[in-house]
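# Geometric and topological summary
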Amino acid sequence: EAAVTQSPRNKVAVTGGKVTLSCNQTNNHNNMYWYRQDTGHGLRLIHYSYGAGSTEKGDIPDGYKASRPSQENFSLILELATPSQTSVYFCASGLGGLQNTLYFGAGTRLSVL
Amino acid sequence: SQLAEENLWALSVHEGESVTVNCSYKTSITALQWYRQKSGEGPAQLILIRSNEREKRNGRLRATLDTSSQSSSLSITATRCEDTAVYFCATSNTGANTGKLTFGHGTILRVHP
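So, here is what we can say about the structure in this document. (Residues numbered from 1 in each chain as written. Chains lettered and ligands numbered in written order. Predicted model: local features only at pLDDT ≥ 70, side-chain atom pairs only at ≥ 80, totals over all residues. Heavy atoms only, no water.)

### Quick notes on the packing of aromatic side chains
This structure, assessed with the given rule, holds eleven aromatic pairs over all chains. Plain terms: the ring middles of F90(A) and F104(A) are 6.4 Å apart, the flat faces sit at 85° to each other, and that makes the pair edge-to-face. Here F104(A) lies in strand 10 (residues 103–104) and F90(A) lies in strand 9 (residues 87–94), a separation of 14 residues in the sequence. Ring pairing ties together the aromatic residues Y35(A), F90(A), F104(A), Y35(B), F88(B) and F103(B), which thus form one cluster. (Phe/Tyr/Trp six-rings, centres within 6.5 Å; stacked < 30°, edge-to-face > 60°. Helix = DSSP H or I, 4+ residues; strand = E, 2+ residues; numbered from the N terminus.)

Structure follows, in C-alpha coordinates:
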(Lines give C-alpha, C1' and ligand atoms only; values in the text may rest on other atoms or scores of the structure.)
Protein backbone atom coordinates (compact mmCIF):
# COMPACT_ATOMS: atom_id res chain seq x y z
CA GLU A 1 0.00 0.00 0.00
CA ALA A 2 1.34 3.40 -1.00
CA ALA A 3 2.27 5.53 1.96
CA VAL A 4 4.18 8.46 3.40
CA THR A 5 6.52 7.44 6.21
CA GLN A 6 8.26 9.86 8.55
CA SER A 7 11.18 9.22 10.85
CA PRO A 8 11.78 9.62 13.66
CA ARG A 9 8.29 9.83 15.18
CA ASN A 10 9.62 11.65 18.22
CA LYS A 11 12.79 13.65 18.68
CA VAL A 12 14.31 15.64 21.51
CA ALA A 13 17.09 18.01 20.49
CA VAL A 14 19.26 20.57 22.23
CA THR A 15 19.31 24.23 21.32
CA GLY A 16 21.99 24.87 18.70
CA GLY A 17 22.11 21.28 17.56
CA LYS A 18 21.43 19.96 14.09
CA VAL A 19 18.21 18.04 13.43
CA THR A 20 17.24 16.09 10.32
CA LEU A 21 13.69 14.91 9.78
CA SER A 22 13.20 12.31 7.08
CA CYS A 23 10.29 11.47 4.84
CA ASN A 24 9.81 8.62 2.37
CA GLN A 25 6.88 8.19 -0.01
CA THR A 26 5.88 5.22 -2.14
CA ASN A 27 3.07 7.09 -3.95
CA ASN A 28 5.35 7.98 -6.89
CA HIS A 29 4.24 11.60 -6.53
CA ASN A 30 6.37 14.35 -7.97
CA ASN A 31 5.58 16.89 -5.27
CA MET A 32 6.46 16.70 -1.60
CA TYR A 33 5.81 19.17 1.21
CA TRP A 34 6.88 19.90 4.78
CA TYR A 35 4.36 21.53 7.12
CA ARG A 36 4.52 22.34 10.81
CA GLN A 37 1.50 22.28 13.08
CA ASP A 38 1.10 24.48 16.12
CA THR A 39 -1.94 25.17 18.24
CA GLY A 40 -3.80 28.16 16.88
CA HIS A 41 -1.94 28.19 13.57
CA GLY A 42 -3.10 25.07 11.83
CA LEU A 43 -0.65 23.72 9.25
CA ARG A 44 1.95 26.08 7.81
CA LEU A 45 4.10 25.28 4.77
CA ILE A 46 7.88 25.34 5.31
CA HIS A 47 9.38 23.93 2.11
CA TYR A 48 8.20 21.93 -0.87
CA SER A 49 9.66 20.18 -3.89
CA TYR A 50 8.62 19.46 -7.47
CA GLY A 51 10.93 16.48 -7.85
CA ALA A 52 14.40 15.14 -7.23
CA GLY A 53 16.93 17.93 -6.87
CA SER A 54 14.36 20.71 -6.42
CA THR A 55 13.44 22.58 -3.25
CA GLU A 56 11.28 25.67 -2.92
CA LYS A 57 10.56 27.99 -0.01
CA GLY A 58 7.11 27.86 1.49
CA ASP A 59 5.47 30.42 3.74
CA ILE A 60 7.75 30.06 6.80
CA PRO A 61 11.18 28.84 5.55
CA ASP A 62 13.44 30.77 7.93
CA GLY A 63 15.63 28.48 10.03
CA TYR A 64 14.96 25.44 7.83
CA LYS A 65 16.59 23.79 4.85
CA ALA A 66 15.24 21.01 2.70
CA SER A 67 16.80 18.30 0.57
CA ARG A 68 15.21 16.12 -2.12
CA PRO A 69 17.83 13.59 -3.21
CA SER A 70 15.36 11.27 -4.94
CA GLN A 71 11.71 10.97 -5.98
CA GLU A 72 10.97 9.05 -2.79
CA ASN A 73 12.86 11.02 -0.14
CA PHE A 74 12.50 14.54 1.21
CA SER A 75 14.34 15.76 4.31
CA LEU A 76 13.87 18.80 6.52
CA ILE A 77 17.04 20.11 8.16
CA LEU A 78 17.34 22.39 11.16
CA GLU A 79 21.01 23.46 11.17
CA LEU A 80 20.79 25.32 14.49
CA ALA A 81 17.68 24.21 16.32
CA THR A 82 15.89 26.73 18.55
CA PRO A 83 13.09 26.23 21.12
CA SER A 84 10.70 28.11 18.79
CA GLN A 85 11.02 25.17 16.39
CA THR A 86 9.39 22.84 18.90
CA SER A 87 6.38 21.60 16.97
CA VAL A 88 4.81 18.68 15.13
CA TYR A 89 6.12 18.33 11.59
CA PHE A 90 4.20 16.69 8.77
CA CYS A 91 5.44 15.53 5.42
CA ALA A 92 3.04 15.12 2.51
CA SER A 93 3.14 14.06 -1.11
CA GLY A 94 0.90 14.99 -4.02
CA LEU A 95 0.65 15.01 -7.80
CA GLY A 96 0.64 18.80 -7.90
CA GLY A 97 -1.58 21.02 -10.01
CA LEU A 98 -4.38 23.40 -9.15
CA GLN A 99 -6.56 20.75 -7.43
CA ASN A 100 -3.88 18.87 -5.58
CA THR A 101 -4.72 16.24 -2.96
CA LEU A 102 -2.10 15.83 -0.26
CA TYR A 103 -1.26 12.53 1.41
CA PHE A 104 0.27 13.03 4.82
CA GLY A 105 2.59 11.04 7.02
CA ALA A 106 1.87 10.47 10.70
CA GLY A 107 4.07 13.33 11.85
CA THR A 108 7.25 13.89 13.86
CA ARG A 109 6.98 15.49 17.28
CA LEU A 110 10.11 17.61 17.86
CA SER A 111 11.05 19.16 21.18
CA VAL A 112 14.00 21.54 21.29
CA LEU A 113 15.26 22.10 24.82
CA SER B 1 -3.77 36.55 8.77
CA GLN B 2 -4.94 33.16 7.52
CA LEU B 3 -6.08 32.91 3.91
CA ALA B 4 -8.50 30.17 4.94
CA GLU B 5 -10.01 29.67 8.34
CA GLU B 6 -12.71 27.75 10.10
CA ASN B 7 -15.22 29.86 11.96
CA LEU B 8 -15.20 27.97 15.25
CA TRP B 9 -12.35 26.55 17.30
CA ALA B 10 -14.38 23.72 18.81
CA LEU B 11 -17.74 21.96 18.59
CA SER B 12 -19.32 19.31 20.75
CA VAL B 13 -22.25 17.06 19.83
CA HIS B 14 -23.81 13.80 20.93
CA GLU B 15 -23.65 10.68 18.83
CA GLY B 16 -26.38 10.58 16.21
CA GLU B 17 -26.70 14.33 15.92
CA SER B 18 -25.75 16.34 12.84
CA VAL B 19 -23.06 19.00 12.86
CA THR B 20 -21.76 21.63 10.47
CA VAL B 21 -18.27 23.12 10.34
CA ASN B 22 -17.88 26.40 8.48
CA CYS B 23 -14.91 27.91 6.69
CA SER B 24 -14.20 31.27 5.08
CA TYR B 25 -11.37 32.16 2.72
CA LYS B 26 -9.89 35.36 1.37
CA THR B 27 -8.52 34.69 -2.12
CA SER B 28 -9.76 33.43 -5.45
CA ILE B 29 -9.56 29.63 -5.41
CA THR B 30 -9.55 26.74 -7.85
CA ALA B 31 -10.76 24.24 -5.26
CA LEU B 32 -11.45 23.83 -1.57
CA GLN B 33 -10.73 20.68 0.35
CA TRP B 34 -11.81 19.36 3.72
CA TYR B 35 -9.37 17.26 5.74
CA ARG B 36 -9.83 15.35 8.97
CA GLN B 37 -7.06 14.70 11.48
CA LYS B 38 -7.53 12.10 14.18
CA SER B 39 -5.37 12.11 17.28
CA GLY B 40 -1.82 10.96 16.57
CA GLU B 41 -2.32 10.87 12.79
CA GLY B 42 -1.70 13.11 9.84
CA PRO B 43 -4.60 14.86 8.07
CA ALA B 44 -6.56 12.86 5.50
CA GLN B 45 -8.70 14.31 2.73
CA LEU B 46 -12.46 13.96 3.05
CA ILE B 47 -13.82 15.97 0.13
CA LEU B 48 -12.49 18.13 -2.71
CA ILE B 49 -14.96 20.63 -4.16
CA ARG B 50 -13.99 22.59 -7.26
CA SER B 51 -14.71 26.28 -7.67
CA ASN B 52 -17.42 25.57 -10.27
CA GLU B 53 -19.22 23.12 -7.97
CA ARG B 54 -21.74 24.07 -5.30
CA GLU B 55 -22.12 20.79 -3.41
CA LYS B 56 -20.26 17.49 -3.02
CA ARG B 57 -21.19 14.43 -1.03
CA ASN B 58 -19.21 11.53 0.40
CA GLY B 59 -21.33 9.14 2.44
CA ARG B 60 -22.46 10.97 5.59
CA LEU B 61 -20.47 14.05 4.59
CA ARG B 62 -21.75 16.97 2.54
CA ALA B 63 -19.63 19.94 1.53
CA THR B 64 -20.94 23.18 0.04
CA LEU B 65 -19.08 26.02 -1.61
CA ASP B 66 -20.28 29.60 -2.09
CA THR B 67 -17.72 31.54 -4.10
CA SER B 68 -19.71 34.78 -3.88
CA SER B 69 -19.39 34.86 -0.08
CA GLN B 70 -16.06 32.98 -0.12
CA SER B 71 -17.30 30.39 2.30
CA SER B 72 -17.71 26.63 2.59
CA SER B 73 -19.38 24.23 4.99
CA LEU B 74 -18.90 20.60 5.88
CA SER B 75 -21.91 18.80 7.34
CA ILE B 76 -21.78 15.42 9.01
CA THR B 77 -25.01 13.55 9.59
CA ALA B 78 -25.60 10.77 12.12
CA THR B 79 -22.32 11.49 13.88
CA ARG B 80 -20.33 8.69 15.52
CA CYS B 81 -17.74 8.77 18.29
CA GLU B 82 -15.09 7.98 15.67
CA ASP B 83 -15.87 11.30 13.94
CA THR B 84 -14.07 12.98 16.85
CA ALA B 85 -11.18 14.79 15.16
CA VAL B 86 -9.89 18.15 13.99
CA TYR B 87 -11.44 19.30 10.72
CA PHE B 88 -9.53 21.61 8.38
CA CYS B 89 -10.49 23.44 5.25
CA ALA B 90 -7.71 24.02 2.75
CA THR B 91 -7.60 26.05 -0.43
CA SER B 92 -5.74 25.90 -3.71
CA ASN B 93 -5.29 29.40 -5.05
CA THR B 94 -5.61 30.45 -8.68
CA GLY B 95 -2.41 31.52 -10.37
CA ALA B 96 -0.27 29.22 -8.26
CA ASN B 97 0.27 25.89 -9.99
CA THR B 98 2.46 24.58 -7.21
CA GLY B 99 0.01 22.21 -5.61
CA LYS B 100 0.39 24.17 -2.38
CA LEU B 101 -2.54 24.11 0.00
CA THR B 102 -3.30 26.79 2.57
CA PHE B 103 -4.91 25.34 5.68
CA GLY B 104 -7.17 26.94 8.26
CA HIS B 105 -6.49 26.60 11.98
CA GLY B 106 -8.95 23.71 12.27
CA THR B 107 -12.15 23.03 14.23
CA ILE B 108 -12.00 20.44 17.00
CA LEU B 109 -15.10 18.26 16.90
CA ARG B 110 -15.94 16.06 19.87
CA VAL B 111 -18.71 13.50 19.52
CA HIS B 112 -19.92 12.21 22.87
CA PRO B 113 -21.69 8.86 23.38
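### Overview of the interface of chain B and chain A
Across the contact, 26 residues belong to chain B and 24 residues belong to chain A. When the buried area of chain B at its contact with chain A is split by residue, T98(B), K100(B) and F103(B) rank highest and sum to 24% of it. Counting every contact that joins chain B to chain A gives seven residue pairs in polar contact (both at pLDDT 80 or more). Elements with a minimum of two residues in the side of chain B that touches chain A: strand 4 (29–37), strand 5 (44–50) and strand 9 (85–93) of chain B. Element by element, the count of residues in the side of chain B that touches chain A is highest for strand 4 of chain B, at five residues. (Contact = heavy atoms within 4.5 Å. Buried area = accessible area lost by both parts, 1.4 Å probe. Polar contact = N/O pair within 3.5 Å; in protein donor to acceptor, adjacent residues only side chain to side chain.)

### With respect to the nonpolar core
By size, the foremost hydrophobic cluster in this structure holds 23 residues, and its most contacted members are L32(B), W34(B), L74(B), Y87(B) and L109(B). The set of elements that each furnish at least two residues to this core consists of strand 2 (10–14), strand 3 (19–25), strand 4, strand 5, strand 7 (61–66), strand 8 (71–76), strand 9 and strand 11 (107–112) of chain B. The contacts of Y87(B), once residues within four sequence positions are left out, are E6(B), Y35(B), R36(B), L46(B), L74(B), I76(B), G106(B), T107(B) and L109(B). Ranked by size, the runner-up nonpolar core spans 18 residues in total, among them W34(A), A66(A), L76(A) and L110(A). (Core = buried A, V, L, I, M, F, W, Y, C linked by side-chain atoms within 4.5 Å. Buried < 20%, exposed > 50% of the residue type's maximum accessible area, 1.4 Å probe, protein only.)

### Structural notes on the state of the cysteines
Linking two cysteines covalently through their sulfur atoms gives a disulfide. Residue and element names in this part refer to chain A. Considering all chains together, one arrives at two disulfides over all chains under this definition. With its sulfur 1.9 Å from that of its partner, C23 forms a disulfide with C91. Taking the torsion about the S-S bond as the criterion, the C23 to C91 disulfide, at about -80°, is left-handed. Here C91 lies in strand 9 and C23 lies in strand 3 (residues 19–25), a separation of 68 residues in the sequence. Under the relative-accessibility criterion, C91 is labelled buried at 0%. (Disulfide = S-S within 2.5 Å.)

### What about the pairing of strand 8 (residues 73–78) of chain A?
Residue and element names in this part refer to chain A. Most of strand 8 is tucked away: five of the six residues are buried. Bridge analysis of strand 3 against strand 8 gives six bridges, and the strand direction is antiparallel. Residue pairing across strands places S22 opposite S75, the latter belonging to strand 8. For strand 7 (residues 65–67) and strand 8, the ladder comprises three bridges, and the chain directions are antiparallel. For S67, the partnering residue across the bridge sits in strand 8 and is S75. Between strand 7 and the antiparallel strand that follows it, strand 8, lie five residues. (Pairing = 2+ DSSP bridges.)

### Regarding the pairing of strand 11 (residues 108–112) of chain A
Residues and elements named next belong to chain A. Here strand 11 shows a clear split, with T108, L110 and V112 buried on one side and none of R109 and S111 buried on the other. As defined by bridge partners, strand 2 (residues 10–13) adjoins strand 11 across four bridges and the pair is classed as parallel. From the neighbouring strand, K11 faces strand 11, where its bridge partner is L110. Relative to strand 11, strand 9 runs antiparallel, the two being bridged by three bridges. Within the sheet, the bridge partner assigned to S87 lies in strand 11 and is L110.

### Focus: the sheet that holds strand 8 of chain B
Residue and element names in this part refer to chain B. The strand order across the open sheet formed by five strands is 1-3-8-7-6, and the pairing between neighbours is antiparallel. At either end of the open sheet lies a strand with only one pairing partner, and these are strand 1 (4–6) and strand 6 (55–58). Geometrically, the sheet is characterised by an average inter-axis angle of 15° between neighbouring strands, direction not taken into account. Bridge count between strand 3 and strand 8: six bridges; the pairing is antiparallel. The partner of V19 across the bridge, within strand 8, is I76. (Axes fitted to C-alpha atoms, helices over the stretch in contact; angles between N-to-C directions.)

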